[in-house]
Amino acid sequence: MGKIIVVTGRGGTGKSTFVTLFARFVNPKSLLLIDLDPDGSLAKMLGVDLDKEGKLTISDALSKIIAKGKENKGKQDTPDLLRRMTKDGEILHRDKKFDLMTLGTKFAPGCYCLPDEMIKDAIAQIEKNYEMIIVDSPAGLEHLNRKVTPDIDDLFVVLDPSEKSAKHIDRIKFVAKGVKITYRNFYLVGNYRFTPLESPVIYRGDVDRKCSSLIEAGVKDSSFLTGFTDEIEAYLLRTGERYLGRIEYDPRVREHNLKGESLFKIPEDSPSSMSVKKILREAGYGLVS
Amino acid sequence: MARKIVSTGRGGAGKSTFVALMSRYLKPPSLLIDLDPDLSLADMLGIDFHKERKRTIVEALYDAVNERKSGGSPLTPVEDRFKGMIWGDCVYEGKGFDLMTLGTKDLEGCYCYPDHLLRKTISELAKNYVNVVIDSPAGLEHLNRNIVSEVDDLFVILDPSDKSLHHIKKVKAILKEVGMMYGHFYIVANYLFDEEAENYFKDVGETYLGKIEYDKGVEQYNLKGESLHKLPEDSPAYLSVRKILEKARVI
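Thresholds applied
Residues numbered from 1 in each chain as written. Chains lettered and ligands numbered in written order. Predicted model: local features only at pLDDT ≥ 70, side-chain atom pairs only at ≥ 80, totals over all residues. Helix = DSSP H or I, 4+ residues; strand = E, 2+ residues; numbered from the N terminus. Rg over C-alpha atoms; globule rule 2.2 N^0.38 Å. Buried ≥ 20, exposed ≤ 12 C-beta atoms within 10 Å, placed from the backbone. Pairing = 2+ DSSP bridges. Contact = placed C-beta atoms within 7 Å. Axes fitted to C-alpha atoms, helices over the stretch in contact; angles between N-to-C directions. Core = buried A, V, L, I, M, F, W, Y, C linked by C-beta atoms within 7 Å. Nonpolar A, V, L, I, M, F, W, Y, C, P; charged D, E, K, R; others polar. Arc of directions from axis to C-beta.

Q: Would you mind going over the overall build of chain B with me for this structure?
A: The helix and strand inventory of chain B stands at 10 helices and 8 strands. At 18 Å, chain B has a C-alpha radius of gyration in line with the 18 Å of a compact globule built from 251 residues. With the principal axes as the frame, chain B shows a C-alpha extent of 65 × 40 × 35 Å. Taken across its 251 residues, chain B has 50% of its residues classed as buried.

What follows is the structure, given as structure tokens:
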């Protein structure tokens with residue numbers, strides 16, 4: 001069975017950015033990526049166009065099956081059909097380095113219990129084919145309650161520098177304990193807003209240009225991006241959880257995300273790439289050479 | 001009938017900040033509802049829900065279920081027990097606004113039931129207020145549950161990324177499919193926008209109301225968990241939110 005890695009955190013902290021760079025630099029024999037976010041865009045960050053590839057999200061596949069079922073007057077077995085679709089590759093996108101499966105957006109009324117149940121089933125069916133599985137979680141905590149992955153090897157929480165992130169850590173543990181999700185390692189990762197502006201790893205010129213509106217607003221020092229870096233980093237160290245370091249601010253990530261371009265194209269020696277590699281090494285992962 | 005206002009957007013865009021800042025300008029009495037299980041609106045308003053001896057919707061629901069199991073007439077349904085608790089236990093009364101929050105659930109399963117109970121009680125609660133403001137959780141799932149089927153003003157808070165554009169499209173598609181009606185659909189830029197990004201979103205065909213200006217105070221107050229209501233009214237964040245609300249004719 002593959003090693004199961006889950007990346008979670010509050011909204012907008014950079015979970016998908018981390019997952020994308022994680023996938024790029026880690027070096028397993030076989031890798032499956034799962035985007036559990038209905039509002040997700042992991043595919044795009046990976047440089048994959050699922051529409052063009054003719055691949056369906058789990059939510060789309062379900063709608064399709066249900067629509068067909070109505071035509072056939074209910075003579076069908078949804079989990080069975082979905083299993084067949086997974087096997088036929090209608091849902092699974094195959095890339096050079098990784099395979100990708102996404103939950104997708106549901107347009108019908110109701111919650112994501114059924115799509116989540118289906119993706120759980122699909123994971124169980126194919127997980128043995130992979131040495132490593134990385135799950136990109138949606139923001140919020142509700143997905144945890146549904147226990148899509150009950151046994152996690154490494155759980156990464158990506159944090160922004162606010163008190164809310166600290167409380168978020170407690171809530172994750174509260175829910176995980178309540179619904180009996182187990183994890184072997186609990187890792188904290190600081191996001192780009194922990195980077196001090198005067199930090200040497202930043203391309204200073206780019207920052208000045210990209211944040212011009214902030215600088216005009218009178219923001220001169222590091223506090224725009226950080227809000228008391230040292231204080232918060234010290235706090236994280238005190239939580240008793242393993243803090244692996246921060247993903248450095250990188251204007252190129254911002255630029256690529258605004259344009260919807262793949263993060264696989266960011267130079268390997270850029271601050272974001274370097275720092276994610278460092279974090280992975282810290283957690284004991286083997287990296288691409 | 002109260003004016004129903006919903007603030008939504010991608011994670012971390014600044015939905016709760018917008019609601020917290022907005023609440024200062026609303027004509028009282030207003031009811032604020034935090035639908036985010038990762039609750040933070042109360043924090044931003046400097047309210048410690050438990051210290052105030054208030055309970056979240058989820059907690060009240062647990063109590064209603066337990067009470068039914070442990071005693072009292074089995075003929076009283078959970079829903080009625082819950083309704084009996086909501087005013088006394090779940091509504092925090094502040095200056096000019098009241099606050100309710102969904103809370104975090106630690107049982108397996110989704111938030112359909114707590115959301116369902118809210119949907120059933122919201123219209124009754126709304127009768128007592130001039131405004132009802134809903135702070136949505138990140139993600140789109142809550143929209144699928146159609147908690148308020150008729151919204152007056154829907155604000156989508158954007159971060160400067162291509163993903164926000166997709167988010168707008170998805171929000172509209174879901175609203176249409178689940179049959180949620182809205183009077184106005186507004187887009188609002190968050191503090192991370194620069195001119196390039198603003199120009200980009202001005203042309204997407206939605207009513208663009210402007211940008212919530214960057215405000216060091218907001219960041220500092222959030223970090224320390226202090227009420228945003230203590231921030232001076234002439235701070236950049238407040239001035240810009242005020243302008244946005246005037247454009248939307250909320251004030």
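Let's pick the thread back up.
Q: Would you mind showing me how to read the pairing of strand β5 (residues 132-136) of chain A here?
A: Consecutive residues of a regular strand have side chains that alternate between opposite faces of the sheet. Residue and element names in this part refer to chain A. Burial within β5 is extensive, with 5 of its 5 residues counted as buried. Both faces of β5 are covered, namely the face carrying M132, I134 and D136 and the face carrying I133 and V135. Pairing of strand β1 (residues 3-9) with β5, which is carried by 5 bridges, proceeds in the parallel orientation. Residue pairing across strands places K3 opposite M132, the latter belonging to β5.

Q: In this structure, what is going on with unusual backbone geometry? I would like to understand it.
A: Residues other than glycine predominantly adopt negative phi, and peptide bonds predominantly adopt the trans conformation. In this chain, B:P28 is followed by B:P29 through a cis amide linkage whose omega measures -5°. With respect to the secondary-structure elements, B:P29 resides in the loop between α1 (15-23) and β2 (30-34). In this structure, A:K147 is a non-glycine residue whose phi angle is positive, near 55°. By the secondary structure assignment, A:K147 is in the loop between α7 (142-145) and β6 (151-159). One non-glycine residue, B:R53, lies in the positive phi region at around 60°. Mapped onto the secondary structure, B:R53 falls in the loop between α2 (41-44) and α3 (57-70).

Q: Just checking my understanding: could you explain the sheet that holds strand β1 (residues 3-9) of chain B for this structure?
A: Strand pairing within a sheet occurs via backbone hydrogen bonds; the two strands may be parallel or antiparallel. Residues and elements named next belong to chain B. Strand order in the open sheet made by the 8 strands is β3-β4-β2-β5-β1-β6-β7-β8, with mixed pairing throughout. Two strands lie at the open edges of the sheet, namely β3 (92-93) and β8 (207-211), each paired on one side alone. Judged from the 8 bridges that link them, strand β6 (residues 150-158) and strand β7 (residues 181-189) form a sheet pairing that is parallel. Following the sheet pairing, E150 is matched in β7 by M181. Along the sheet, helix α7 (residues 162-178) contacts β1, β6 and β7; its crossing angle with β6, the most-contacted strand, is approximately 165°.

Q: What am I meant to see in the sheet that holds strand β8 (residues 242-246) of chain A here?
A: Residue and element names in this part refer to chain A. Spatial strand order, β3-β4-β2-β5-β1-β6-β7-β8: 8 strands in an open sheet with mixed pairing. Only two strands of the sheet have a single neighbouring strand rather than two, namely β3 (93-94) and β8. Here helix α13 (residues 271-282) sits on the sheet and contacts β7 (182-190) and β8; the angle it forms with β8, its principal contact strand, is near 160°.

Q: Could you clarify how one ought to interpret the nonpolar core in this entry?
A: Nonpolar side chains in soluble globular proteins tend to end up buried together. If you look at the biggest cluster of nonpolar residues, it comprises 71 residues, and the most contacted ones within it are B:F18, B:I57, B:V188 and B:V241. In terms of residue count, β6(B) provides more of this core than any other element does, 6 residues in total. Sequence-distant contacts of B:V188, defined by excluding residues within four places in its chain, comprise B:F18, B:F155, B:I157, B:L158, B:L209, B:G210, B:I212 and B:I244. The next biggest cluster of nonpolar side chains, apart from the first, holds 65 residues, and it includes A:I34, A:L42, A:L62 and A:L141.

Q: For this particular structure, what's the right way to read the environment of A:I34?
A: Residues and elements named next belong to chain A. The residue I34 is located in strand β2 (residues 31-35) in this model. In this structure I34 comes out as buried when scored by C-beta crowding, with 26 C-beta atoms within 10 Å. For I34 and I119, which are 85 residues apart along the polypeptide, the C-alpha to C-alpha distance reads 9.1 Å.

Q: Sorry if this is basic, but what is going on with the interface of chain A and chain B here?
A: Where interface size is quoted, it is often the accessible area lost as the parts come together. On the side of chain B, 52 residues touch chain A, which itself brings 49 residues to the contact. Those elements that provide at least two residues to the side of chain A that touches chain B are α7, α8 (163-179), α10 (212-216) and α12 (251-259) of chain A. Broken down by element, the side of chain A that touches chain B gets its largest block of residues, 8 residues, from α8(A). Here the residues of the side of chain A that touches chain B are counted per class, giving 19 nonpolar, 17 polar and 13 charged.

Q: Teacher, can you tell me more about the environment of A:D269 here?
A: Residue and element names in this part refer to chain A. The topology assignment puts D269 in the loop between α12 and α13. Among the residues examined, D269 registers 8 C-beta atoms within 10 Å and is labelled exposed. Considering only alpha carbons, one finds D269 and F98, 171 residues apart in sequence, at a separation of 22 Å.

Q: Explanation requested: helix α5 (residues 78-87) of chain A in the structure shown.
A: An α-helix turns once every 3.6 residues. As a result, residues three or four positions apart point the same way. All names here are of chain A. All of the buried residues in α5 are L82, M85 and T86. Relative to the axis of α5, the buried residues are bounded by an arc of 100° and lie together on one face. Exposed and oriented more than 90 degrees from the buried face of α5 are D80 and R84. Close packing links the buried residues of α5 with α4 (58-71) and α6 (113-126). Note on α5: the residue one or two positions beyond its end, G89, has a positive phi of about 85°.

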